[in-house]
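# Structural features, examined
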Amino acid sequence: MLIALLSSVAFLSACGGGKADNSWLSADDVRVAIDETFAPIMDEEAQAFALNHVEATMKPLYASEDSALHLLLADSFQMAIATRGLTESEEAFIKGKGRSALQAVIAKDAFALIVAAGSSDTLFTLDDLRGIISGKITRWEQLSHSHNKGELRLVFDKSGSSTVRFMRDSLNGGQPITGNVFAQGSSQGVIEAVKNTPGVIGVVGVDWLRAAGDSTLKNFSGLGFEVARVSRYADERSEFKRPWQYHIATGSYPLVRQVYAICTDPRSKSMLKNFYFFLKGENGQRIICNSSQMLPNSPVYVKTVSVK
């Protein structure tokens, strides 16, 4: 598998310089390029915003993170949702156009490992995952807690996605991903592959762990697949956790990254900027807290509740 990503320098050179012509913008258009990993929760955010701003024209585009940021830098979109902020060179490029960027962390997200329904292999360590994406582990019996045998395959959404970037940079030391690792084209494609193909491990954002018609996500039942438990350790310190919101908050689940809203709209007032502030404000944060397993960036309180 070959994953080719455009470098920031090459892309910025291709974009050219000079100030952007923003005459095509409508004050009521809310054009946002969104990492497809967050499609379910961002659909809810967009619907809630539109209910309170009936004049707003919501125009979200779901794409890979790489594509979303490229569209932002090319000025095709002036807002993006991604799992990283702008680099210094990207900020300088935007400044060279006579603009500035608003950036805010709006949530913490987690990756989930998913396997076929009824599977007894639901425990993975970070070393297991590192071995798979480096090509060192290609069979189930090589895993630290596996009862299965035979060739395994790990599936993700697509090249250029935030999933790939996290696995490559955070788990594989920046080296290319190799081994039995395959793209499915989308998060939904990953879920379908896990449901229909034996021996497959899927990687999806936690926001995709929803049953049909469920937006509140009380548990991981009724999904048609199993959500694995992951430990950062491979020794006696092992604590295998699922990506519950609580485990994201306490830091006991290891596969976590931040979610950014980035806005480069030069206008002082617009619906696009209103949406940016909505996402980082009380109402947008409440939706993240109540309608997903993602952790809002606003203060949260962790309580231990005894159930008798």
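Scroll up to find the structure this text is about.
The structure reproduced in this document is the subject of the present report.

Let's shift gears to helix α2 (residues 39-52). With 14 residues, α2 ought to run about 20 Å at 1.5 Å a step, and its terminal C-alpha atoms sit 20 Å apart, in line with that. Along its buried surface, α2 packs onto β1 (29-35), β2 (57-63), β3 (79-82), α9 (271-280) and α10 (282-291).

Let's shift gears to the environment of L126. For L126, the location among the structural elements is in helix α5 (residues 126-133). Judged by its relative accessible area of 7%, L126 falls in the buried class. Each C-alpha atom of the pair L126 and Y233 lies 6.9 Å from the other, and the pair is 107 residues apart in sequence. In this view, L126 contacts L171, V230, S231, R232, P254 and L255; residues no more than four positions away in its chain are not counted.

Two elements in contact, α9 and α10, have axes whose closest approach is 4 Å; the angle formed by their N-to-C orientations is 55°. In terms of orientation, α9 lies oblique with respect to α10. In this structure, α9 meets α10 at a crossing whose hand is right-handed. Contacts from F278, L279 and K280 of α9 reach α10 at E282, N283, G284, Q285 and I287. For the contact of α9 with α10, the per-class residue count stands at three nonpolar, three polar and two charged.

What follows deals with the packing of aromatic side chains. Inspection of every chain in the model, using the stated rule, returns seven aromatic pairs. Plain terms: the ring middles of F275 and F278 are 6.3 Å apart, the flat faces sit at 15° to each other, and that makes the pair stacked. Placement of the pair is F275 and F278 together in helix α9, with a separation of three residues, close to one helical turn. Take F275 and F278: they sit in the same class, and that class is buried. Relative to F277, the ring of Y276 has its centre 5.1 Å away and its plane inclined at 80°; by these criteria the two rings are edge-to-face. Y276 gets classed as buried once you look at its relative accessible area, which sits at 3%. Across from the ring centre of F77, 4.4 Å away, lies the NZ or CZ of R31, which sits over that ring. The cationic tip of R153 hangs over the ring face of F182; the distance from NZ or CZ to the ring centre is 5.4 Å.

Criteria and cut-off values
Residues numbered from 1 in each chain as written. Predicted model: local features only at pLDDT ≥ 70, side-chain atom pairs only at ≥ 80, totals over all residues. Heavy atoms only, no water. Helix = DSSP H or I, 4+ residues; strand = E, 2+ residues; numbered from the N terminus. Expected span 1.5 Å × (residues − 1). Contact = heavy atoms within 4.5 Å. Buried < 20%, exposed > 50% of the residue type's maximum accessible area, 1.4 Å probe, protein only. Axes fitted to C-alpha atoms, helices over the stretch in contact; angles between N-to-C directions. Parallel < 35°, antiparallel > 145°, perpendicular 65-115°, else oblique. Left-handed = near helix turned anticlockwise from the far one by under 90°. Nonpolar A, V, L, I, M, F, W, Y, C, P; charged D, E, K, R; others polar. Phe/Tyr/Trp six-rings, centres within 6.5 Å; stacked < 30°, edge-to-face > 60°. Lys NZ or Arg CZ within 6 Å of the ring centre and 35° of its normal.

The quantities given are spatial measurements derived from coordinates; they are silent on function.
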